[in-house]
Amino acid sequence: MDKTRVIITNEQKAVKIPTGLRMLVRRTCNAVLKMENFEGPAEVSVSFVDNEQIRELNAQYRNKDSATDVLSFPLGEDGVYDINFATGAKLLGDIVISMPKAVEQADIYGHSFEREVGFLTAHSMLHLLGYDHELGGMEKAIMREKEEAVMDMLGLTVTNTVHILENKEDEK
């Protein structure tokens, strides 16, 4: 597989970014591209933000005045992408992840923060490649299947990352 450049910026202070999370995001981007047989070098931008920042972006670009977990801003359409002429890489687009939402959802779903960030990254990468679950039906099912396949590739299956709920009860 060709080189993929993943540019990661942390634009929030609400959640401490654990060691290895940036590497996980890069591995997730590469796993999606490998699964999709993406050809050629690629470039993706990933930003970690807080709930207020993502709410502002959601309001501005989607007319939804609420915080969400992840936003995708694809630069390509129908497999045609702008090119970074300095590197020859296809510019796939931008991923924006709310770190507080990722923490909250990991707790709600009973899995690790790392799995949640990996899942949100895979979800968003699929959007950058043209998938759209909002159409519902088979498109939504296909996208979910691909997200879980990437989580399996990375060893982030639900069974490997689920918090033991009984232990949480013991801590109280």
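First things first, this report covers the structure right here in the doc. (Residues numbered from 1 in each chain as written. Predicted model: local features only at pLDDT ≥ 70, side-chain atom pairs only at ≥ 80, totals over all residues. Heavy atoms only, no water.)

## A look at the overall build of the protein
Then, number 1: The number of helices and strands found in the protein is seven helices and five strands.
Then, number 2: Reading the protein from its N terminus to its C terminus gives the helix and strand order β-α-β-α-β-β-β-α-α-α-α-α.
Then, number 3: Buried positions account for 44% of the 172 residues belonging to the protein.
Then, number 4: Per element, the accessible surface of the protein, about 9600 Å² overall, is 50% carbon and sulfur.
Then, number 5: The centroid of the 19 positive side-chain charges in the protein is displaced by 4 Å from the centroid of its 29 negative side-chain charges. (Helix = DSSP H or I, 4+ residues; strand = E, 2+ residues; numbered from the N terminus. Buried < 20%, exposed > 50% of the residue type's maximum accessible area, 1.4 Å probe, protein only. Areas by Shrake-Rupley, 256 points an atom, 1.4 Å probe, with all protein chains shown as cover. Lys, Arg positive; Asp, Glu negative; His and termini not counted. Charge placed at Lys NZ, Arg CZ, Asp CG, Glu CD.)

## Describing the pairing of strand β2 (residues 42–49)
Then, number 1: Within β2, seven of the eight residues are buried, leaving the element largely enclosed by the surrounding structure.
Then, number 2: Relative to β2, strand β1 (residues 4–10) is paired through seven bridges, and the arrangement is parallel. The partner of threonine 4 across the bridge, within β2, is alanine 42.
Then, number 3: Handedness of the crossover joining β1 and β2 through helix α1 (residues 21–35): left-handed.
Then, number 4: Bridge count for β2 against strand β5 (residues 89–98) is eight bridges, and the pairing is parallel. Each residue of the ladder has a partner; that of glutamate 43, found in β5, is leucine 91. (Pairing = 2+ DSSP bridges. Right-handed = clockwise from strand over helix to strand, strands pointing away.)

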